Amino acid sequence: QVRLVESGGGLVLPGGSLRLSCVVSGRVFRDYAMGWYRQAPGKERELVASISSGYATNYADSVKGRFTIFRNNAQNTVSLQMNSVKPEDTALYYCNTVPVFNGASWGQGTQVTVSS
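Since the model is a prediction, treat every value here as computed from it, not as a measurement. (Residues numbered from 1 in each chain as written. Predicted model: local features only at pLDDT ≥ 70, side-chain atom pairs only at ≥ 80, totals over all residues. Heavy atoms only, no water.)

**Here's the deal with the overall build of the protein**
(1) Moving on: Scanning the protein from terminus to terminus reveals 0 helices and 10 strands.
(2) Moving on: Beginning at the N terminus, the succession of helices and strands in the protein can be written as β-β-β-β-β-β-β-β-β-β.
(3) Moving on: Computed over C-alpha atoms, the radius of gyration of the protein comes to 13 Å, within 12% of the 13 Å expected from 2.2 N^0.38 for 116 residues, which places it in the range of a compact globule.
(4) Moving on: In terms of overall dimensions, the protein has C-alpha extents of about 40 × 25 × 20 Å along its principal axes.
(5) Moving on: Going through the 116 residues of the protein one by one, you find that 39% of them count as buried.
(6) Moving on: Of the contacts made within the protein by residues no fewer than 6 positions apart, 54% connect residues no fewer than 24 positions apart.
(7) Moving on: The average position of the 11 basic charges and that of the 7 acidic charges among the side chains of the protein differ by 6 Å. (Helix = DSSP H or I, 4+ residues; strand = E, 2+ residues; numbered from the N terminus. Rg over C-alpha atoms; globule rule 2.2 N^0.38 Å. Buried < 20%, exposed > 50% of the residue type's maximum accessible area, 1.4 Å probe, protein only. Contact = heavy atoms within 4.5 Å. Lys, Arg positive; Asp, Glu negative; His and termini not counted. Charge placed at Lys NZ, Arg CZ, Asp CG, Glu CD.)

**Regarding the state of the cysteines**
(1) Moving on: A full pass over the atoms with the stated rule returns 1 disulfide.
(2) Moving on: Each sulfur in the disulfide pair Cys22 and Cys95 lies 1.7 Å from the other. Here the residue Cys22 occupies a position in strand S3 (residues 18-25), and Cys95 occupies one in strand S9 (residues 91-97), the gap between them amounting to 73 residues.
(3) Moving on: Exposure remark for Cys22: the relative accessible area of 0% places this residue in the buried category.
(4) Moving on: Cys95 sits in the buried class, given a relative accessible area of 0%. (Disulfide = S-S within 2.5 Å.)

Structure (structure tokens):
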């Protein structure tokens, strides 16, 4: 069973920066693509950034050029550097594998609120 613990969220001003972190345990981390997902109130959860086991990255158009995803296989962590944040980035952010395994659980997420 994979255990995911996200952290680093908070309240940030528009145009500011934030770095999210996720610690993963329970599987051989380095073998899996990992991603950051987010869910805003009243909306579906969406994948915003992913990084393969070979460190190839992909981003949703809405965050391209502003967010960067990293992974550290030695520490079993995946991080999301968020720059130039916008109010529409406000959401609960989660990490998980890409794709998400059938029956996989989610962590508690970390709340990001972009507001002046």
